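# Structural description and commentary
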Amino acid sequence: MAMYDVPYHGEKDLSEYNFLVTGGAGFIGSNLVEYLLKYGAGKVRVLDNFATGHKKNLAAFLNNPNFELIEGDIRDLETCKNAARGIDYILHQAALGSVPRSINDPITSNEVNVSGFLNMLVAARDENVKRMVYAASSSTYGDSKDLPKVEDKIGKPLSPYAVTKYVNELYADVFSRLYNLEIIGLRYFNVFGQRQDPNGAYAAVIPKFVSQLLDYQSPVVNGDGEYSRDFTYIDNVVQMNIKAALSENVEAVGQVYNVAYGQRTTLNQLLESLKNNLSDYDPKIKNVEIIYGPLRNGDIPHSLASVDKAISLLDYQPRYSIENGLKEAVSYYVSTKDIKSEISNF
Ligand SMILES: NC(=O)c1ccc[n+]([C@@H]2O[C@H](COP(=O)([O-])OP(=O)(O)OC[C@H]3O[C@@H](n4cnc5c(N)ncnc54)[C@H](O)[C@@H]3O)[C@@H](O)[C@H]2O)c1
């Protein structure tokens, strides 16, 4: 599966720039690293403590001379400063994701997502980084019922995770005003694609469902399956990061953007599509039953983004619809399952 065949950096020569990807061993971070190394970025440094990321996500990059790994924690300011030294662009992805995780352990989510974020801002300021682009979240829309979600109209946060991501935006705004730091926030909407972790109590819904269906286990849906999300394929997210980092539009800086495809899919529609795609590999998956359970705390019923701001200020042109993205993601998980079973046969 060839990824990132279409470049998003225009005429720019990436070899002139050094990038730091925090959380680079995670799902989104490792895809950013893959893009940057593919197009010959000067230095691609990862800062990660492997809390939820994996060494295997970096395995393909370890022999690349432009790749550097710092194993460390963003809760330590000196570590952040060392990581930011000599860097032009920071793509800050390190955080503890998941609404339920933050409900179970709000203190750790706050320490990593808020104190760690503040450390990265201070490091970016003190090390004279050109620009910091960071992972914000659609959870910041909270209890707002407006659809589609437009950047300047948010509601009240519904979870500690949402609070941490909103606080990031407040700090980013203050740092850009006080210290003239160039910062752009990207509110990701339910991202999916290669290397998203299917395992663990806090796994995201798409990899979890795919892995259950591949094992003929019934996926459990919270509620009646009519909750909807703007599921966003990873290629669209990488495009936004690259464009946000390198944009020369002065109006585009100091802003937050929705990062989504701009289409709403219910969980029932998602499962239908996953079963159809997976049935091409194994027809028995078509017969796996879905189980419906109780609704989950802190979940919002519907989520749909307006991506007009990203289109107009950052020339965002999402290339993958949910259908096209799901085909790619399913093919990735099927291929990794093959590898797993070959290995376990030895
Ligand atoms: N995946 C989504 O749908 C989604 C949606 C909205 C926002 N986000 C945000 O995007 C970012 C990336 O998410 P992801 O889905 O790739 O998650 P992920 O868990 O795969 O990646 C996060 C990475 O950060 C690292 N990390 C965690 N705590 C750290 C610490 N204290 N120091 C250093 N590294 C640390 C982890 O080890 C991991 O590699 C996060 O900030 C997340 O909140 C993701």
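Here the residue index of a chain counts from 1 through its sequence in written order. Local features in this predicted model are restricted to residues whose pLDDT is 70 or higher, and side-chain atom pairs enter the listing and the counts only when it is 80 or higher, whereas totals over whole chains, interfaces and linings include all residues. Remark: hydrogens and water are excluded; side-chain values derive from all non-hydrogen atoms of the structure.

## Topic: the site of the ligand
Where we set the bar: Residues are classed as near a molecule or strand on a simple rule: at least one heavy atom within 4 Å of it. Counted as a polar contact is a pair of N or O atoms within 3.5 Å, where, for protein atoms, one must be capable of donating a hydrogen and the other of accepting one, and residues adjacent in sequence contribute only when both atoms are in side chains. Strands are runs of DSSP state E lasting at least two residues, helices are runs of H or I lasting at least four, and both sets are numbered from the N terminus onward. Nonpolar residues are Ala, Val, Leu, Ile, Met, Phe, Trp, Tyr, Cys and Pro. Charged residues are Asp, Glu, Lys and Arg, and all others, Gly as well, are polar.
Taken together, 27 residues lie near the ligand, and D48, T52, D73, Y161 and V191 sit nearest. Separating an oxygen atom of the ligand from a side-chain N or O atom of K165 is a distance of 2.8 Å. At the level of elements, α1 (27-38), β5 (131-137) and α5 (160-179) are the ones that each hand at least two residues to the shell around the ligand. With three residues, the single largest contributor to the shell around the ligand is β5. Among the residues forming the shell around the ligand, the class breakdown is 14 nonpolar, nine polar and four charged.

## Focus: α5
Under the convention used in this document: Residue count minus one, scaled by 1.5 Å, sets the expected span of a helix. For each residue, the accessible area found with a 1.4 Å probe, counting protein chains only, is set against the maximum for its type, and the residue is called buried under 20%, exposed over 50%, and partly exposed in between. To be clear, the arc concerns the directions from the helix axis to the C-beta atoms.
The terminal C-alpha atoms of α5, which comprises 20 residues, lie 28 Å apart, in line with the 28 Å expected from a rise of 1.5 Å per residue. Among the residues of α5, Y161, A162, T164, K165, N168, E169, A172, F175 and S176 are the ones counted as buried. One side of α5 holds all its buried residues, which, seen down the axis, span an arc of 165°. The exposed residues of α5 that point more than 90 degrees off its buried face are R177 and L178.

## Some remarks on the pattern of salt bridges
Let me state the cut-off plainly: Salt bridges, as used here, are contacts in which a Lys or Arg side-chain nitrogen is within 4 Å of a carboxyl oxygen on Asp or Glu.
Within the structure shown, the criterion is met by 18 salt bridges. Residues E182 and R131 are paired through a salt bridge, measuring 2.8 Å at the closest nitrogen-oxygen approach. With E182 in the loop between α5 and β6 (183-188) and R131 in strand β5, this residue pair connects regions lying 51 residues apart in the sequence. Relative accessible area serves as the criterion here: at 32%, E182 is assigned to the partly exposed category. What makes R131 buried here is its relative accessible area of 7%. The shortest N-O distance in the salt bridge between D173 and R177 comes to 3.2 Å. Placement of the pair is D173 and R177 together in helix α5, with a separation of four residues, close to one helical turn. Residues participating in the shared-partner salt-bridge network are K43, R45 and E68.

## Considering unusual backbone geometry
P148 follows L147 through a cis peptide bond whose omega is -5°. Topologically, P148 is positioned in the loop between β5 and α5. Positive phi, close to 75°, is recorded for R195, a residue that is not glycine. Tracing the sequence through the fold places R195 in the loop between β7 (191-192) and α6 (205-214).

## Regarding the environment of K337
Put simply, the rule reads: Note on contacts: a residue pair qualifies if any of its non-hydrogen atoms lie within 4.5 Å across the two residues.
With respect to the helices and strands, K337 occurs in helix α10 (residues 322-344). The spatial distance from the C-alpha of K337 to the C-alpha of L214 is 8.4 Å, given a sequence separation of 123 residues. When near neighbours in sequence (up to four residues on either side) are disregarded, K337 contacts L214 and D215.

## A word on the environment of E16
Topologically, E16 is positioned in the segment before β1 (18-22). Each C-alpha atom of the pair E16 and D88 lies 9.3 Å from the other, and the pair is 72 residues apart in sequence.

## Focus: a nonpolar patch on the surface
Using the following cut-off: Two joining distances apply to patches: 9 Å for like charges and 5 Å for nonpolar side chains (Val, Leu, Ile, Met, Phe, Trp, Tyr), and every residue must have over 30% relative accessible area and no salt bridge. Surface exposure here means Shrake-Rupley accessible area, sampled with a 1.4 Å probe, where a residue is shielded only by the protein chains that are shown.
There is a patch of nonpolar side chains on the surface, built from V174, L178 and Y179 and spanning about 280 Å² of accessible area. Among the secondary structure elements, Y179 is positioned in helix α5. Using a relative accessible area of 36% as the deciding quantity, one classes Y179 as partly exposed.

## Re the packing of aromatic side chains
Stated precisely, the cut-off is as follows: Pairing of aromatic rings covers Phe, Tyr and Trp, the last through its six-membered ring, and needs centres within 6.5 Å; plane angles under 30 degrees mean stacked, over 60 mean edge-to-face, and all others mean tilted. Only when the NZ atom of a Lys or the CZ atom of an Arg is both within 6 Å of the ring centre and within 35 degrees of the ring normal do we say a charge sits over the ring.
Summed over all chains, the structure comprises 12 aromatic pairs. Both rings, one in Y332 and one in Y333, keep their centres 5.0 Å apart while their planes meet at 70°; by these two values the pair is edge-to-face. Classification of Y332 by relative accessible area gives buried; the value is 16%. Ring-pair connections join several aromatic residues into one group, and the members of that group are Y4, Y8, Y35 and Y39. Just above the ring of F50 sits the side chain of K55; from NZ or CZ to the centre is 4.7 Å. Residue placement shows R125 over the ring face of Y179; its charged tip is 4.7 Å from the ring centre.

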